[in-house]
Amino acid sequence: MQEADAVRSLAALAQALRLRLFRALVVAGPEGLTPGALAEHLDVAGNTLSFHLKELTHAGLVTQERQGRNLIYRASFTTMNELLGYLTENCCESAACSTTDAAADCRC
């Protein structure tokens, strides 16, 4: 991941509702969720939800797929793991690291 991509991802997550949206999609896993399910789960209006999903999609953190008449949103686990890897790339470079490898922990 390049620095500009990391900044874009972090900027997208630096808003409470978008962070909640992303976390809900991570919990949903590969099946993803429809906008209706997300709106109900997070108790948010559809137009607000649409705006924030667009921002997460633009940052590459969320993917969108049409299935018939429904849109399915999914967390991009690849991008998430790349971001975690970027953030921890030089962790404890000169000393033994006492933290776990967060990027390796998610096997989605």
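For the structure itself, consult the block above.
No experiment lies behind these values; they were computed from the predicted model shown.

Colleague: So what exactly am I meant to see when it comes to the overall build of the chain here?
Modeller: The helix and strand inventory of the chain stands at six helices and two strands. Start at the N end of the chain and walk to the C end: the helices and strands fall as α-α-α-α-β-β-α-α. Within the chain, the fraction of its 108 residues that count as buried is 33%. Long-range contacts, defined here as pairs at least 24 residues apart, represent 60% of the contacts in the chain between residues at least 6 apart. Counting every atom, the chain has about 6,800 Å² of accessible surface; 51% of that belongs to carbon and sulfur.

Colleague: Even after reading the chapter, I still don't get the nonpolar core, so can you show me in this structure?
Modeller: Within soluble globular proteins, side chains that are nonpolar tend to cluster in buried spots. Judged by nonpolar contacts, the single largest core of 24 residues is most densely connected at Leu-21, Phe-22, Leu-38, Leu-56 and Leu-61. Counting residues per element, the ones that place at least two in this core are helix H1 (3-13), helix H2 (16-28), helix H3 (35-42), helix H4 (46-58), strand E2 (70-75) and helix H5 (77-88). Here this core takes five residues from H2, the largest share from any one element.

Colleague: Sorry if this is basic, but what is going on with the packing of H2 against H4 here?
Modeller: Helix packing geometry: the angle between the two helix axes and the distance between the axes. Where H2 meets H4, the closest approach of the two axes is 10 Å, and the angle between their N-to-C directions is 75 degrees. Taken together, H2 and H4 sit at an angle that is classed as roughly perpendicular. Facing H2, whose interface residues are Leu-17, Arg-18, Leu-21, Phe-22 and Leu-25, H4 presents Thr-48, Leu-49, Phe-51, His-52, Leu-53, Glu-55 and Leu-56. Here the contact of H2 with H4 is built from residues that sort into eight nonpolar, two polar and two charged.

Conventions and cut-offs
- Residues numbered from 1 in each chain as written.
- Predicted model: local features only at pLDDT ≥ 70, side-chain atom pairs only at ≥ 80, totals over all residues.
- Heavy atoms only, no water.
- Helix = DSSP H or I, 4+ residues; strand = E, 2+ residues; numbered from the N terminus.
- Buried < 20%, exposed > 50% of the residue type's maximum accessible area, 1.4 Å probe, protein only.
- Contact = heavy atoms within 4.5 Å.
- Areas by Shrake-Rupley, 256 points an atom, 1.4 Å probe, with all protein chains shown as cover.
- Core = buried A, V, L, I, M, F, W, Y, C linked by side-chain atoms within 4.5 Å.
- Axes fitted to C-alpha atoms, helices over the stretch in contact; angles between N-to-C directions.
- Parallel < 35°, antiparallel > 145°, perpendicular 65-115°, else oblique.
- Nonpolar A, V, L, I, M, F, W, Y, C, P; charged D, E, K, R; others polar.

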